[in-house]
Amino acid sequence: MSKEIIENGNAILGVEFGSTRIKAVLIDEDTKVLATGDHEWENQYENGIWTYSLDAIWNGLQDAYRNLAADVKEKYGTEIKTLKALGFSAMMHGYMAFDSSDELLVPFRTWRNSITGEAAGRLTDLFNFNIPERWSISHLYQAILNKEDHIDRIKFQTTLAGYIHWKLSGEKVLGVGEASGMFPIDPATGQFDKDMVEKFDGLLENNGLPYKLLDIFPKVLTAGEAAGTLTEEGAKLLDPTGTLTPGVPMCPPEGDAGTGMTATNSVRQRTGNVSAGTSVFSMVVMEKNLNKVHPEIDIVTTPDGSAVAMVHCNNCTSDLNAWVGLFKEFADAIGADADMGKIFGTLYNGALEGDADGGDILAYNYLSGENITGLSEGRPMVLRTPNSRWNLKNFMRVHLYSAFATLKIGNDILFKEEGVEADKIYGHGGIFKTKGVAQQILADALNTPISVMDTAGEGGAWGIAVLAAYMVLKGSGESLADYLDNKVFAGETGSELAPDAAGVKGFDAFIERYKSGLAAEKAAVEAVAD
């Protein structure tokens, strides 16, 4: 059956460019994975800029596709000659500017570069809208402020996903979710905010530049809209063997935030997701705009244009994992027969039996700085009062609290100050593997039900493949949220945990002490050199 799907051209391909891996996923019309391929890559730091070369981009894409084709050959004994649909995604933001000959003017500047502080600050004030440093408009305006010699020759500016799509289809377009990381989107129109565009055009005119913003920016499309087809040149770029034929319909290119929301079924208003790993971020789909600007909260959109509040924190599980590793060392030292799974399970489950407020213990998991709490650097630290209830259960509960503490501070602005409401938030990441522990603590922290799915798909590459499937398979008038509920995640079993009243009260008490204790963390950064 799978072989026939591929041979009949009914398979759908999604490719996502992550920061360390390019992944290709082939799915059927029911969004089940047929085959995968990937390519490992790393950014380079050249002349003070984090970048990827154009050669690295194309060699990586071709290698990921070649590995996908090899997987298809091994599993099904056939080749990919055509596809039902195709989509590309990539890490968001950054700066790719091209001249009238379609030549890259300066090396690709990724989201990782922190070189646009002046521009981001000025634009935030001008727009009365939070403009982060990593956004594409910050990179453009900083180049203008720096009077870089290429700025008057820009004919087109896009993101990595937009660049790949353009070269394979000839279309200068972006999905609205990806576009929202270039420049603010008006949720009412699904397009770049008209008033802010006019304000930026004034800056361009004042600097004597020969274009307006929309002259050089991509066209914005919404999930489900057609975004061109694979050209003959594009087919050869993707598959140099010539086996893949042109003419494949392509969906709007999206960013990794949008594909993550798609892959976790959290594009409907009043839903959200929390991705927890080395860092942690939450995405909550809002019903209306926020009342004021908050530097702790970035506003982007879903692939179908709803406004999303994003709270991003640099630190989550690293310090927690280091403590668990220390307990593993102790277990090994005394000859105990305990693998990491047992140690994690024992420590995590014990944490649920600790005091709801953490027993007057504080832990800061900051291996690096945190914008939300005003820390430029981090110093992992544990504090306790002389009368703290010092035991293993409280110690572990506090470290699990610490993993979500900064996220809670940002989300308290959303839920308590702005009155944003969420009916359900999906959690995903390794911290949720011990069933019901981190899930319950996060539910208590955010005072919102948290769901964890039994399956997590194939991440963002699967998410963009699903968006490509939606473009060609959606019913008349079927929204993306309905398509995901009814077609993609129908029958998906998982678990939901509601907030526990005592746990919510306890976490609130902990977070107040945590915020007071930040002065000690800041003093540690100043006093203890790294």
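A short tour of the structure in this document, coming up. Remember, predicted model here, so these are calculated numbers, not experimental data.

### Looking at the environment of N10
Here is step 1: Inspection of the secondary structure puts N10 in the loop between helix 1 (2-7) and strand 1 (12-17).
Here is step 2: The partly exposed category is assigned to N10, whose relative accessible area is 24%.
Here is step 3: Residues contacting N10, with those up to four places away along its chain left out, are I5, E29 and K84.

### Structural notes on helix 17 (residues 501-527)
Here is step 1: With 27 residues, helix 17 should reach 39 Å at 1.5 Å per residue; the first-to-last C-alpha distance of 39 Å fits that figure.
Here is step 2: Considering bend angle alone, the principal kink of helix 17 is centred on S516 and spans about 35°.
Here is step 3: For helix 17, the complete set of buried residues consists of G503, V504, G506, F507, F510, I511, Y514, G517, L518, E521, A524 and V525.
Here is step 4: Residues of helix 17 that are buried make contact with strand 18 (361-364), strand 19 (381-384), helix 13 (392-417) and helix 14 (438-446).

### Side note on helix 2 (residues 54-76)
Residue pairs spaced three or four apart in an α-helix point in one direction, given the helix's 3.6 residues per turn.
Here is step 1: For helix 2, with 23 residues, the first-to-last C-alpha span of 33 Å sits near the 33 Å given by 1.5 Å per residue.
Here is step 2: Those residues of helix 2 not exposed but buried are I57, W58, G60, L61, Q62, D63, A64, Y65, L68, D71, V72 and Y76.
Here is step 3: Looking one or two places after helix 2, you find G77, whose phi comes out positive at around 65°.

### Some details on the environment of L414
Here is step 1: Along the chain, L414 turns up in helix 13.
Here is step 2: As for L414 and I151, which are separated by 263 residues in sequence, their C-alpha atoms are 38 Å apart.
Here is step 3: In contact with L414, not counting residues within four places along its chain, are V284, M286, L290, I297, A309, G419 and V420.

### Focus on the nonpolar core
Here is step 1: Judged by nonpolar contacts, the single largest core of 130 residues is most densely connected at I137, L140, F183, F200, I431 and Y514.
Here is step 2: Sort the elements by how many residues they give to this core and helix 13 lands first, with 13 residues.
Here is step 3: Once residues within four sequence positions are removed from consideration, F183 is found in contact with F127, W135, I137, F192, D193, M196, V197, F200, L213 and F217.
Here is step 4: Core analysis: the second largest hydrophobic core is formed by 43 residues, A24, Y52, L61 and V72 among them.

### Quick look at the packing of helix 14 against helix 17
A pair of packed helices is characterised by two quantities: the angle between their axes and the separation of those axes.
Here is step 1: Where helix 14 contacts helix 17, the two axes come as close as 8 Å, and the packing angle between them is 70°. Between helix 14 and helix 17, the crossing angle belongs to the class labelled roughly perpendicular. Along this stretch, helix 14 crosses helix 17, giving a crossing that reads as right-handed. Facing I441, D444 and A445 of helix 14, the residues of helix 17 in contact are G503, V504 and F507.
Here is step 2: Across the contact of helix 14 with helix 17, the residue classes tally to four nonpolar, one polar and one charged.

What counts as what
- Residues numbered from 1 in each chain as written.
- Predicted model: local features only at pLDDT ≥ 70, side-chain atom pairs only at ≥ 80, totals over all residues.
- Heavy atoms only, no water.
- Helix = DSSP H or I, 4+ residues; strand = E, 2+ residues; numbered from the N terminus.
- Buried < 20%, exposed > 50% of the residue type's maximum accessible area, 1.4 Å probe, protein only.
- Contact = heavy atoms within 4.5 Å.
- Expected span 1.5 Å × (residues − 1).
- Bend = angle between axes of the 7 residues up to and from the residue.
- Core = buried A, V, L, I, M, F, W, Y, C linked by side-chain atoms within 4.5 Å.
- Axes fitted to C-alpha atoms, helices over the stretch in contact; angles between N-to-C directions.
- Parallel < 35°, antiparallel > 145°, perpendicular 65-115°, else oblique.
- Left-handed = near helix turned anticlockwise from the far one by under 90°.
- Nonpolar A, V, L, I, M, F, W, Y, C, P; charged D, E, K, R; others polar.

So far we have only geometry, and geometry alone does not tell us how the molecule works.
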